[in-house]
Amino acid sequence: MNTEMYQTPMEVAVYQLHNFSISFFSSLLGGDVVSVKLDNSASGASVVAIDNKIEQAMDLVKNHLMYAVREEVEILKEQIRELVEKNSQLERENTLLKTLASPEQLEKFQSRLSPEEPAPESPDAPEAPGGSAV
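From a predicted model like this one, the values you see are computed outputs, not experimental measurements.

### Some remarks on the overall build of the protein chain
A count of helical and extended segments in the protein chain gives four helices and zero strands. Going from N to C terminus, the protein chain has its helices and strands arranged as α-α-α-α. Taking all 134 residues of the protein chain together, the buried fraction comes to 7%. Of all intrachain contacts in the protein chain linking residues separated by at least 6 positions in sequence, the fraction that spans at least 24 positions is 41%. Counting every atom, the protein chain has about 11400 Å² of accessible surface; 59% of that belongs to carbon and sulfur.

Shown next as structure tokens:
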């Protein structure tokens, strides 16, 4: 089989997952590396049993990965919803503050945001103790 046959990254990942070795699954499940020796006298039933075990291990890993990815997606969706809500709240608050501020306050605030524009005060002079930071 060739990876060019698969169209999506998920299909490629599943294909690659199916090609992992028995030793990887054995170590992943916490056991020692399992060596499987088949001699010429091995029955077809033992080969099928080994194939079934490999398939079960791959299904277990695939299911675990899919569950973990789905869980992470849900967490990220919730974080996005919270951030959008917070952003909207801050935009409303900013608009309100702009409407309530005097033109002098807005000008002072803008001068602090724009370092290119010269501020009315010298930047080396300390601010007066009763000054407010807007």
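Read on, since the account is not over.
### A short note on the UniProt feature "coiled-coil region" (unreviewed entry) in the protein chain
Annotation from UniProt places "coiled-coil region" (unreviewed entry) at residues 66–100. Within the segment residues 66–100, helix and strand shares are 100% and 0% respectively, and the terminal C-alpha atoms sit 51 Å apart.

### A look at helix α3 (residues 44–100)
With 57 residues, α3 extends 83 Å between its outermost C-alpha atoms, agreeing within 8% with the 84 Å of an ideal straight helix rising 1.5 Å per residue. Listed as buried for α3 are A57, M58 and V61.

### Comments concerning the confidence of the model for the protein chain
Across the protein chain, the average pLDDT comes to 74, with 53% of residues at or above 70. Every residue in residues 32–41 is under pLDDT 50, and counting partners more than four places away or in other chains gives 10 contacts. Every residue in residues 122–134 is under pLDDT 50, and counting partners more than four places away or in other chains gives seven contacts.

### Focus on the side chain of S111
Residue position: S111 is located in helix α4 (residues 103–113). Within the structure, the side chain of S111 is placed 2.7 Å from the backbone oxygen of K108, a separation counted as a polar contact.

Calculation rules
- Residues numbered from 1 in each chain as written.
- Predicted model: local features only at pLDDT ≥ 70, side-chain atom pairs only at ≥ 80, totals over all residues.
- Heavy atoms only, no water.
- Helix = DSSP H or I, 4+ residues; strand = E, 2+ residues; numbered from the N terminus.
- Buried < 20%, exposed > 50% of the residue type's maximum accessible area, 1.4 Å probe, protein only.
- Contact = heavy atoms within 4.5 Å.
- Areas by Shrake-Rupley, 256 points an atom, 1.4 Å probe, with all protein chains shown as cover.
- UniProt positions renumbered as here; feature names shortened; annotations may be inferred.
- Expected span 1.5 Å × (residues − 1).
- pLDDT = per-residue confidence, 0-100.
- Polar contact = N/O pair within 3.5 Å; in protein donor to acceptor, adjacent residues only side chain to side chain.

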